[in-house]
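Each chain, letter by letter, is given below.
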Amino acid sequence: MEWASQLCENRGLGSKMTDSKYFTTTKKGEIFELKAELNSDKKEKKKEAVKKVIASMTVGKDVSALFPDVVNCMQTDNLELKKLVYLYLMNYAKSQPDMAIMAVNTFVKDCEDPNPLIRALAVRTMGCIRVDKITEYLCEPLRKCLKDEDPYVRKTAAVCVAKLHDINAQLVEDQGFLDTLKDLISDSNPMVVANAVAALSEIAESHPNSNLLDLNPQTINKLLTALNECTEWGQIFILDCLANYTPRDDRESQSICERVTPRLSHANSAVVLSAVKVLMKFMEMLPKDLDYYGTLLKKLAPPLVTLLSAEPELQYVALRNINLIVQKRPEILKHEMKVFFVKYNDPIYVKLEKLDIMIRLASQANIAQVLAELKEYATEVDVDFVRKAVRAIGRCAIKVEQSAERCVSTLLDLIQTKVNYVVQEAIVVIKDIFRKYPNKYESVIATLCENLDSLDEPEARAAMIWIVGEYAERIDNADELLESFLEGFHDESTQVQLQLLTAIVKLFLKKPTETQELVQQVLSLATQDSDNPDLRDRGYIYWRLLSTDPVAAKEVVLAEKPLISEETDLIEPTLLDELICHIGTLASVYHKPPSAFVEGGRGVQHKRLPARAGSGESAESPDVGQAVSAVSDAPPAVIPSQGDLLGDLLNLDLAPPTSNVPPVPSSMQMGAMDLLGGGLDSLMGDESETSASHYRTEVQSPQPPECSERELGGDVGGSPAMGVSLGGAPVGMPAGLGAAPAVGGGLGDLFDLGGGVGVTAGSYIPPKTVWLPAMKAKGLEISGTFARRSGVIHMDLSFTNKAMSVMTDFAIQFNKNSFGLAPAGPLQVLTPLSPNQTVDVSLPLSTTGPVMKMEPLNNLQVAVKNNIDVFYFSCQYPISLLFVEDGKMDRQVFLATWKDIPSENEAQFQIKDCHLNSDAASNKLQGSNIFTVAKRTVDTQDMLYQSVKLTNGIWMLAELRIQTGNPNSTDLELSVKCRAPEVSQYVYQCYELILRN
Amino acid sequence: MIGGLFIYNHKGEVLISRVYRDDIGRNAVDAFRVNVIHARQQVRSPVTNIARTSFFHVKRSNIWLAAVTKQNVNAAMVFEFLYKMCDVMTAYFGKISEENIKNNFVLIYELLDEILDFGYPQNSETGALKTFITQQGIKSQLQTKEEQSQITSQVTGQIGWRREGIKYRRNELFLDVLESVNLLMSPQGQVLSAHVSGRVVMKSYLSGMPECKFGMNDKIVIDKQGKGGTTDEAGKSELGGSSGKQSIAIDDCTFHQCVRLSKFDSERSISFIPPDGEYELMRYRTTKDIILPFRVIPLVREVGRTKLEVKVVIKSNFKPSLLAQKIEVRIPTPLNTSGVQVICMKGKAKYKASENAIVWKIKRMAGMKESQISAEIELLPTNDKKKWARPPISMNFEVPFAPSGLKVRYLKVFEPKLNYSDHDVIKWVRYIGRSGIYETRC
């Protein structure tokens, strides 16, 4: 050891006079001089020159012109010089591929060097040179190095496979390197194992469906053994890889957890976080009543707290992750509030994150402490932090009812400071408090009104206007206050304009006598002088309401408001689950799925938490849901959101955004718009809310004098938000709505059973697939399939609630489609659908709906509504759904028709690898209403002549040829003739589907 | 994985640039400079996403180290790696400064080539690295075959932190228990939060491959032994600590990678083969029954709009026989302070206008004593509406005991192959308690 440090010191002294000078050469003719030096005979001079080249390269100068001269220096015994030349090569080889080939020989030679350090260096560098010709030469040396006797070379070669795969994936597969890499997982050296795991994981990411990382209990065991022995970095690779494994059962899951928990005491935070990831994921599988489950929960808290004594950057990563963990399993850290108190010297990014977690952990037990802290923070310097602290006080009031009074008085104190942004922030949160606890704290309104003039941010202005409108009857000069805002109406932001419009209408409804003029003024400002369609539409609605039925207007505008949520910024449960699988990574720092920030397909497949043992339980015991909802200690209330189109219309009085609820991306496609013009009105028909039905009738009543029907229609067309429910107003209920018998989930299942038992060869029903993922529908997941049972077409649906709030008021509507499919009755969902519950529904369909040709022909666009929103998706049905029972044609007619249809209309298909004889096929097909009219045998071929009739009366004729003689030829040939040839292809698909299942 | 690594000076000039992945282009270097180093605003996050490229950065004095990637990397690992890289560089050439980096850029490139392969961190233990990255290129020929394989097996081996064949004439070890005690106290003297974060730093000069076992007064271990009815004779007060509390509750601890974690998890025993020289054996955190060495009692009175009266009393709270050192009390003053008059009983106090604080220094102070400072602060009248934020009064000190109450019970050394026994090893233990963030609000 001594000699090493000695050498270092010597070098330190020596280099002080030399190395930094390389950075200062900027004179002209430099390249020329360097060239001369590189070709010098003296070794020292050469080395100096290469150093200068590297220094120039570092600062971004182009020294590629020196390529041949530098490469010439490669043949050297001096390791330091060699490394410098390699560094140069890695940088410039790509730009000089032809010359780079000069280096190949040296690499190949070095790969055979007796010194393992040099062998490894060569293979490591070669992998970094992205030139095809060089890559070819790399294969042989790499193959040798992967089996080298020295572990240092093997661990380097393992990573080199990943490099090569990045350059040429096909080559790696062809050369069989993947198998060699897999073998390295069983290597005796832990570092080789770790690097092999890292390389395999990376390669597997670009082949999401390959079974490359074939994780089974044996390999897992090897990994767990290596885990105890390898470097800290290796432990991270292994833990991250383990996290992708799904244990077979809860026992395996527990045994892995037991072997991973010791990592929680590692000094390296990344090892700890990766271990936490594995534990959080595998915990999902453990039964909750297991003792070990509780032990594990307890073990997780201390290491998470310890992460907060790391360096600030790591603290930040840890806090972002804790934010997720607290949402997923609030019980882990519920007693650790104090460690999240902000320190005066924390960097701002740590402070903001801590504050977030404090709000999440706030409960009745610790609220006094939290409030005292928050008040302290509200006097700090950083504006963002202070704002967030003020907002946090408001959140506490809403979350912990007992503290509301103290929060309000704290906020009033803060308003007295007159610090502009503090006041504005306080007013925004007080508005939320008013909504949560109506008629309780209105005494403070006077104080708020004093600060009216200082408000310059839209959100604060909107909040204040809302307060004035809401409590207009208690504020003597409410009209004056609102009028003062009206002067600069056009300069206000939309948020303020909308709020002002609503507030003045409220005022008018409360004090109609004095404010007639004001309301006229605002309505005309909103409808005639504004370019904003939202504002205009809201103005028109109010106008009509007020002019036709003031009583209804009152019911609509002054209606009971929905509850506001206790939690803010909660991450949507499906996303949260995905992020839990990404603990420690960038995704967990950004709180975004990898697909949101990673280019290309690499590593962006969605990860999911494993299901608890006995997965059938999801419907009976909403376990996981409870864990999530426990965050608030009470069932969460309705989450208000700006994207809530229906809610917006029904209440017309949606407050400005109460919090940072992220704008919900509209999943609506423009193509789907027109179909809903009529549809949604009828959806609203089953709204039980009186205000809604009132509203609907009002809209259909004669027009107010000011605007004509056409004008309204035009405006509405321009505004997607309103168009949904207003366009094509005069629509009654669809024919069958409400008349059809209720078919609950249970009945549907019975039918299912009947189908399976009663009819020997029942029609094939494809398994349910997910049509609408929960991510796209605010937590509602819909999967389904189609079936034809006893001559009736059914759409079998499963609704799963993956959100945290209860879902009610389901309704369904189809767009026009090729065969006029339409619901034959209303959607009977036994509501309410509580979180994590799944309900199966069978919806009978008729074929008498409006017809429009779709592309593809069997496409069906569906809109489903619930209390939260309207969602759109499209699905495709097998056309066999439409084959009717009386589709057997008479033989003579068949013959005549076959001849009659022109041969251009005949389409040929092949069904490969089908091991059915003609009788079995015939039977199977008959189950789906494809009838065999006649059978003929020629030589070794059976020919079936079949007929099919569609619901719309179209006939289809088919000839199916089956080889009987040769067992090896299992292909069937199908010819389809039809007057509407575009259907043929879909008929063929049905044959495929039916015969294969 | 990490796609590239850049080092910049305070002006944003590149000192080191090493790209590991093809998806990182030269423009990434500039993107970070423009968007982070030259940004007008204060840094709002150590992770920045610019055009789908993520930048992780840490700063050491005025040097910026940035790791860049386009993938969903393990963020904690990237930061741990950056810190580790700083450690390695410091071990090689001392302080991380522009001059040192320029002077050693060839060495840094060599290190970067070794400790990061295709963006995957490799062995980064300085001890191992120093055996073969020496900046003496000629060395490669001098090494014998045995030496070479010894190097590679150490770099990749299970015990990457120690090499074979170390010999000392005198086997000696030093244990330092270094604690920093953190406190946040309300003006009324209520403890808002307090914790000790401690480190056990070991300097070992031991021959061969010694097997060590470390014991302390960990409550869980002591309770277990108490139940069993046996007392650990060998360990009992062998290394000194006999007074004070019997045992302490450790909230959490983390260990150097040499410690066998699975053994700690199952038996709670700390056993390891130590690296040679100085290293950090463990870190721990306690929150219960902390001895707070000092109590600060502030009294701030606003007299009119242009004057503040401040009185601060500090009380020492430990055995009278012990001496605290390097005591410093920092009393913040408003920005519009025009003059300060200070009177203190002990030590020296000074108003430092540039730091907006009165700094009161006392060289030594025994236990169970108290001292006081009073100051009158003159204020310039301002029309600034915003109130003075009143930052907390902070304190620095050093005491010769562990505020957590931790005691080292034993450190046993076994080296079966060489003929020295536990008794032949000379052991030294030292306790130092320092202030961490020790603040009292006023």
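Residues numbered from 1 in each chain as written. Chains lettered and ligands numbered in written order. Predicted model: local features only at pLDDT ≥ 70, side-chain atom pairs only at ≥ 80, totals over all residues. Heavy atoms only, no water.

An unreviewed UniProt entry lists chain B under the name MHD domain-containing protein, with Pygocentrus nattereri given as the organism. UniProt, in the comment section headed Subunit (unreviewed entry), describes chain B in these words: "Adaptor protein complex 2 (AP-2) is a heterotetramer composed of two large adaptins (alpha-type subunit and beta-type subunit), a medium adaptin (mu-type subunit) and a small adaptin (sigma-type subunit)." In the Sequence similarities (unreviewed entry) part of its UniProt record, chain B is described as follows: "Belongs to the adaptor complexes medium subunit family." (UniProt positions renumbered as here; feature names shortened; annotations may be inferred.)

Peer 1: I'm lost on the nonpolar core in this one. Help?
Peer 2: When a protein is soluble and globular, its nonpolar side chains tend to lie buried together. Counting residues in hydrophobic clusters, the biggest one holds 288 residues, and the most contacted among them are Tyr88, Leu142, Leu333 and Phe434 of chain A together with Phe56 of chain B. The element best represented in this core is helix H2 (residues 75-93) of chain B, accounting for 14 residues. Phe434 of chain A has contacts with Tyr441, Glu442, Val444, Ile445, Leu448, Trp466, Ile467 and Tyr471 of chain A, leaving out every residue within four places of it along the chain. One finds Trp771, Ile812, Ile868 and Cys978 of chain A within the second-largest nonpolar core, a separate group that totals 64 residues. (Core = buried A, V, L, I, M, F, W, Y, C linked by side-chain atoms within 4.5 Å. Buried < 20%, exposed > 50% of the residue type's maximum accessible area, 1.4 Å probe, protein only. Helix = DSSP H or I, 4+ residues; strand = E, 2+ residues; numbered from the N terminus. Contact = heavy atoms within 4.5 Å.)

Peer 1: Can you help me understand the interface of chain A and chain B in this one?
Peer 2: Often the size quoted for an interface is simply the accessible area lost on bringing the parts together. Contacts between the two partners involve 118 residues from chain A and, on the opposite side, 105 residues from chain B. Note on chain A versus chain B: buried area summed over both sides is about 9,600 Å², and carbon and sulfur give 55% of it. The tally of links from chain A across to chain B stands at 13 salt bridges. The salt bridge involving Arg21 of chain B is made with Glu202 of chain A; its shortest N-O contact spans 2.5 Å. In this structure, the connection of chain A to chain B is made through 43 residue pairs in polar contact (both at pLDDT 80 or more). (Buried area = accessible area lost by both parts, 1.4 Å probe. Salt bridge = Lys/Arg side-chain N within 4 Å of Asp/Glu carboxyl O. Polar contact = N/O pair within 3.5 Å; in protein donor to acceptor, adjacent residues only side chain to side chain.)

Peer 1: Is there a simple way to think about the environment of Phe894 of chain A in this case?
Peer 2: Residue and element names in this part refer to chain A. One can find Phe894 in helix H41 (residues 891-900). Each C-alpha atom of the pair Phe894 and Ala934 lies 9.4 Å from the other, and the pair is 40 residues apart in sequence. With residues near it in sequence (within four places) discarded, Phe894 still touches Met889, Val933, Tyr945, Gln946, Ser947, Leu957 and Ala958.

Peer 1: Which parts of the structure should I look at to understand empty space enclosed by the protein?
Peer 2: A water-sized probe rolled over the atoms picks out the places where empty space is left. Enumeration over the complete set of coordinates arrives at 16 cavities of 30 Å³ or more. Quantified by volume, the largest cavity comes out at close to 170 Å³. As for the largest cavity, its lining consists of 15 residues, of which Tyr344, Glu376 and Glu380 of chain A together with Pro392 and Arg441 of chain B are closest to the centre. When grouped by side-chain class, the residues that make up the lining of the largest cavity number eight nonpolar, one polar and six charged. (1 Å grid on protein atoms, 1.4 Å probe; cavity = no way out; pocket = protein on both sides within 12 Å on 5 of 7 lines; lining within 4 Å. Points joined across faces, edges and corners; volume = space filled by probe spheres on them. Nonpolar A, V, L, I, M, F, W, Y, C, P; charged D, E, K, R; others polar.)

Peer 1: For this particular structure, what's the right way to read the pattern of salt bridges?
Peer 2: Two side chains bearing opposite charge may form a pair once their charged atoms approach each other closely. Residue and element names in this part refer to chain A. For the structure shown, the criterion picks out 74 salt bridges over all chains. The salt bridge involving Asp577 is made with Lys328; its shortest N-O contact spans 2.7 Å. In this pair, Asp577 sits in helix H32 (residues 573-580) while Lys328 sits in helix H19 (residues 312-328), placing the two residues 249 residues apart along the sequence. Connected through shared salt-bridge partners, Arg387, Arg391, Glu425, Glu457 and Glu459 make up one network.

Peer 1: Can you walk me through the pairing of strand S19 (residues 357-366) of chain B in this structure?
Peer 2: Looking down a regular strand, the side chains alternate between one sheet face and the other. All names here are of chain B. Burial analysis of S19 places seven of its ten residues in the buried class, which makes it a mostly covered element. With nine bridges connecting them, strand S16 (residues 323-332) and S19 associate as antiparallel partners. Its bridge partner being in S19, Ile327 is matched across the sheet by Ile362. Relative to S19, strand S18 (residues 348-352) is paired through five bridges, and the arrangement is antiparallel. (Pairing = 2+ DSSP bridges.)

Peer 1: Whenever I open this one, the confidence of the model for chain A confuses me. Can you help?
Peer 2: Interpreting fine coordinate detail is not advised for predicted regions of low pLDDT. All names here are of chain A. Model confidence for chain A is summarised by a mean pLDDT of 78, while 80% of its residues fall at 70 or above. Below a pLDDT of 50 lies the segment residues 1-17, which in the model reaches 18 contacts outside its immediate sequence neighbourhood of four places, other chains included. Low pLDDT, under 50, characterises residues 614-761; the stretch is placed with 223 contacts to residues that sit more than four places away or in other chains. (pLDDT = per-residue confidence, 0-100.)

Peer 1: Got a minute to help me understand the sheet that holds strand S11 (residues 941-949) of chain A in this structure?
Peer 2: In a beta sheet, neighbouring strands are held together by backbone hydrogen bonds and run either parallel or antiparallel to one another. Residues and elements named next belong to chain A. Strand order in the open sheet formed by five strands is S9-S13-S12-S11-S10, with antiparallel pairing between adjacent strands. Either end of the sheet is taken by a strand with one partner, and the two such strands are strand S9 (906-911) and strand S10 (931-938). Neighbour-to-neighbour, the strand axes of the sheet open up by a mean angle of 20°, direction not taken into account. Bridging between S10 and S11 involves seven bridges; their strand directions are antiparallel. Residue Thr937 lies in a different strand from S11, and its bridge partner there is Asp942. Packing against the sheet, H41 makes contact with S9, S10, S11, strand S12 (955-963) and strand S13 (972-978), and its axis sits at approximately 95° to S12. Packed onto the sheet, helix H43 (residues 984-996) meets S9, S11, S12 and S13 and runs at close to 25° relative to S9. (Axes fitted to C-alpha atoms, helices over the stretch in contact; angles between N-to-C directions.)

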